[in-house]
Every structure is written in structure tokens, then in C-alpha cells.
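The primary structure of each chain is shown beneath.
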Amino acid sequence: MILAGALLAVTLQMHDNLRWVDHSSRVLRTANHALASLRAAESGQRGYTLTHNPEFASAVLPAIDTARRDAADLVALTTDNFEQHERARQLQVLVNARADTLATVYRLARSGAFDRALDSTASGRGLAMMQLVEAKVNDLLLDERALAADRMAEVESLLRTIRWLVVLGTPLTLMMLALVARSLILRIRRPVGEMLAVMGELGAGHREARITGEMGSSEFTRLAGGYNAMADELQRAVASQAEAGENLKAANAALSHNAETLRERGEVIEILGGMAHRMQAARTDEELAAIIRVFVPRVLPHIPGVLFVHNNSRNLLIPTATWGGVEAGQAFGQAGFAPEECWALRRGQSHYVDEPGSDIVCPHVGQQSDHYHCEPLLAGGEVIGVLYLMGTIGTESRFRLAVLSENIASALVNHRLQRGLREQTIRDPLTGLFNRRYLEETLALEMARASRSSAPLTVVMCDIDHFKRFNDEFGHDAGDQVLQTVAGELRRRFRDGDVVCRFGGEEFVVIAPATEVSVLRARVEEVRVAVSLLTVRQGERALGSVTMSFGLASWAPGMDREGTALLKAADAALYAAKREGRNRVMIDPQALAA
């Protein structure tokens, strides 16, 4: 009964937390969708005003209506939170104002007053209003993400009981990604195959053959329509004119050229599909760079280059991957360059020099190159990086470059998000050390490695002596300061290969792979002395000195694979150190016997 009650309580709490997380997710999606719709309306209006192309105009009013509806939905969704509700109401006013402005300019353009519409677009008022909308959306999203993060933190503690779903979910997710990639490839191959089949029938003498199937994209549909129109004309010419033979040759030549172009683009898209799939699975910067080095030369052969990625903290473009025999330090140094040194990033579009004096040379290139191409990598107006190519990009290669840059920019954004989320899930927010979840995963991995290779594996469990005194005498903020100071000292004193984790409260665990307990004891003794010499301060107030007790244990064959027995042995050694008077290092007797 107690277990059933506990399970019911956890289930109800999980349901309530997930309901609020879902609510936050709806708020985030609605806010992002409202901003995206407003941007789409703005792009359509500007495109129509500048080009007079009615295709741009068709999306303006639907996008405006969508933005208005999303803003109204956002107001309704945030009634549970006064501050968010006020922001949503203010955002609705801004969205409606911007929508009215876009609709007015759109109507001017539709009435033929393109000059007035262009003057209104160039006035800058729309940009200012969009900046206000984006700022208000960012404020709302920041607070809502903070709420969602708090709620997810509560959910995370409950999710530990259902970790096995991750084991099942991961292969299913990979399978779905593979299916999506396969579906994309099939969507390209099917229309190409149908076109090639119809062309084969035409070559065999079946002049009535036409492309009738659904192409799946406007580009393929236009190509199929062109082919059908050409075939119709060819049939009429063969029936009525003796010169049909020459027309047939010309038509076949054009068709072959189009088919070759289509085939090449299909191959490029297939290569980029494989590249995107691998970049989505990359976990480190080195893996991402390796994928770039392998696939970019296949998309743009015989064009060496460098991928520079924007480092936000230093505001520099850092060389990340090179190909075609280029060394990053050869022309730019390892430190990178500032964004303002690249004209492509300044202008937000491609910048190239195809012969000496044809255009301004970017400062980061210098005067040593008279033909190069810089392609900016942007996402949502944010600088992600730049592709530097040493050569001239031909007309057909521009299509390849455009699709390649989109794939790389998307992968870099996704990689940043994955890395940020990974850090949030494995780091203790107070001390910056690895958390208990990461400890359990790493310990299981290292024990499996030690079991296979018979390499030594030692674990240190330690805690702060009389930690409760700091909380009782100075308050919990002072206790947090002590934990942060000790954590920093542990991080500095242990080697890079050791994994330092916060176990909970004032307890810490260090995993030392490939290290004998006798060797590690000397290092731990140095750490103990260093900690005892610390004087912790909170602002201008001295909190006094700190001491720690340490317990060491080594892995032995026969221990469970999860590390429970190893941690218990280290914990027993720690308590022995406590009994002996604290501020000392004790080793598990079994480790000494080994």
C-alpha cells in the first residue's frame, strides 16, 4: 500500500509538472510562431515592393492574420502569470501595430503606388517596430524559458525512475532520423527516376510519353512542365515539318543538359543529406570539423577553404575546419579575426573577389589573394560563422554553395544548442562540477573499461568537516560560498583526466581512471593540505578555515557494474576518517590488500 501510494503521488506530481511544462512549451511556440509569421509578412511585402512579383504578395495577408491570431492566443495563454500576461498584451499591441503598417504598405503596392510603398519601407519605422517586437518576444521567451527550466528541474528528479525509456527512445530516435533522411532522398530520386523513365520512352520512339506524376516540389514541377511542353512542340514539329529533325536534336540537347544539371544537383543533395545526418549526430567540435573536412570537398571539389565559427565570448571568428591543403594559420593565424574584418559579415551576403581590383578585399584576407569567396553563415540575424573559399565560384557551384551554407549554419546552431543542453544536464549549477547523474554514467563506463583491460580504477569520496557550522553561524549563503571555494580547489588540484563530481550536500566524489590507490593517495594528501590552508571569505567577511576528510577505494573483479559496491567501500573509508578525528585520508582495507 505504501509503495502504491508513493507511486500514485509521484504520478500525480509528474502529471502536474508536465502539464505546466507543456503550457510553457505552448507559450514558447506561439511567441516564436507569431514572430516568424510577422517576419514572413515583412519579407513578402518587401519582396513585392522591390520586385513587383505577385508571388511575394500572396503570402503577406495570411502571414499578417496568423501573427495577429498568435498574439491574441499568447495573451490568452499567459493569464496564469501576471508579468507574462502584461508582456503578452504589450506584444499584441506591437504586433497589431506592425501588422497594420505592413498591410498599409501592401495595399499601396497592390494599388500600383510602388514608389510610395518603397518610401514607406525605406523609412526605417518598420525596422524599429520589428526591433521592439523582437525585444518584447525575447523578454517573454527568457522568462518563460526560466519558468520551463524550473519546472523541468522538478520533472528531472522524477524521471530518474523511468531512465529505461531513454535506452528505448535513443535507437527509436535514430531510426526515425534515418527514415526521414531516406524519405528526403526518395523524394528526390522518385521524380528524377520518373523523368528519366519518360525520357527513355521518348528515346525509344514513344513520342506520346509525358510526365504526369506528382513531382513533389515546384522546381521539379516546372522542369516537368517544360519537358511536356517541349515534347508537345516536338510532336507537332515532327508531324508537320521536315525540319523537325533539327528541332528534335535541339530539344534533346536541352533536355540532356537539364537532366545532367538535375542529376548533379540530386547527387549534391544526397551528399548534403548524408552530411546533415552525420552533423546532427556529432557530439564534439572535433567530430563536426572532421565531417566538414570530408564532405565539403565532395560538394565543392577543387576549391580549398576554411570554416570559421563565431566564438561569442571572444567575438572572434575561429578557424574550425580546413580542406584542400589549406592550413588555418597559413593566412589567418590561430587566433582568428573580428567579424568587422569580413565584408560578407558586414553586408550579410556573399562577398567575393574574382580578379585583382574587382572589389574590396576583406582585411582578414590581406593582399595575398586576388580571387576568393566569403559566404556568411547567419541564423536569425545572428553571426554563426563564415565559409572562406580560395577560388572562384561558378554559376552552378553557387547553388551548391547556397545549400551547403544553409546545412552548415543549421548544424552549427543545433550543435550549440545540444552542447548547451548537455552542459545543463551534467553540471551542478552551484559548484560547476559534474553532477550525480554524470557520476553514475561515467563510473559505469570506467568500470566496464577497467573490467575489459584490467586497468586500475580508484574512487575518492570526501566531504567538508563540520559543514553544518557554516550554515548555522553564517547562513546558507555562506555555506554555498564554502562549497564553491572547495569545489574550485578540487578542480584545480586534480588532473584533467580525473572526474570531479558533487555527490550531494557537502559530499564530493572523484573518479580516477588508470590510477593505483597508492599513487592517488599522495595526490589526495596534497589536496587535503591545500584545502586546510584555505581561508573562505564572503565579501568582506572571513568565514574561517576549512578541512576535509577523504576515503579511497579501488575497483576489484566481482564488483557490480553500476559502481554501488565501489562507492560504498569509498564511503566506508570516509567514515573511518571521520571516526579517526577528521581532516585525514583513509584507504579501504580491500584496496590496500590488493
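A quick note: this is a predicted structure, and the numbers were derived from the prediction, not measured.

Enquirer: Could you give an account of the overall build of the protein, naming the residues involved and the relevant values?
Expert: Looking only at helices and strands, the protein features 19 helices and 12 strands. Going through the 594 residues of the protein one by one, you find that 41% of them count as buried. Long-range contacts, defined as pairs at least 24 residues apart, comprise 64% of the intrachain contacts of the protein with a sequence gap of at least 6. Accessible surface computed for the protein: about 31,900 Å², of which carbon and sulfur atoms make up 55%.

Enquirer: Explain helix H4 (residues 82–110) residue by residue, including any values.
Expert: Look at H4: 41 Å from first C-alpha to last across 29 residues, which is about the 42 Å you get at 1.5 Å a residue. Capping the start of H4 is the job of one residue whose side-chain oxygen sits 3.1 Å from the backbone nitrogen of Glu 83: Asn 81. At the C-terminal side of H4, Gly 112 shows a positive phi close to 100°.

Enquirer: Please give an account of the nonpolar core that cites residues and values.
Expert: Membership of the largest hydrophobic core comes to 34 residues, with the highest contact counts inside it found for Leu 38, Ile 64, Leu 74, Val 95, Val 133 and Val 137. Elements with a minimum of two residues in this core: helix H1 (2–51), helix H3 (60–77), H4, helix H5 (114–122) and helix H6 (125–159). No other element matches H4, which puts 10 residues into this core. If sequence neighbours within four positions are ignored, Val 133 has contacts with Leu 35, Leu 38, Leu 91, Leu 94 and Val 95. Membership of the second largest hydrophobic core comes to 32 residues, among which are Leu 300, Val 309, Val 403 and Ala 411.

Enquirer: Which residues make up the sheet that holds strand S11 (residues 548–554), and what values do they have?
Expert: Taken in spatial order, the 5 strands line up as S7-S8-S6-S11-S12 in an open sheet, and their pairing is mixed. A strand with exactly one partner marks an edge of an open sheet, and here the two such strands are strand S7 (499–504) and strand S12 (585–587). Averaged over all pairs of adjacent strands, the angle between strand axes in this sheet comes to 20°, irrespective of strand direction. Judged from the 3 bridges that link them, S11 and S12 form a sheet pairing that is parallel. Considered in S12, the bridge of Gly 551 is made with Met 586. Running over the sheet, helix H17 (residues 517–532) touches strand S6 (457–464), strand S8 (507–513), S11 and S12 and is turned about 170° from S11.

Analysis parameters
- Residues numbered from 1 in each chain as written.
- Predicted model: local features only at pLDDT ≥ 70, side-chain atom pairs only at ≥ 80, totals over all residues.
- Heavy atoms only, no water.
- Helix = DSSP H or I, 4+ residues; strand = E, 2+ residues; numbered from the N terminus.
- Buried < 20%, exposed > 50% of the residue type's maximum accessible area, 1.4 Å probe, protein only.
- Contact = heavy atoms within 4.5 Å.
- Areas by Shrake-Rupley, 256 points an atom, 1.4 Å probe, with all protein chains shown as cover.
- Expected span 1.5 Å × (residues − 1).
- Polar contact = N/O pair within 3.5 Å; in protein donor to acceptor, adjacent residues only side chain to side chain.
- Core = buried A, V, L, I, M, F, W, Y, C linked by side-chain atoms within 4.5 Å.
- Pairing = 2+ DSSP bridges.
- Axes fitted to C-alpha atoms, helices over the stretch in contact; angles between N-to-C directions.

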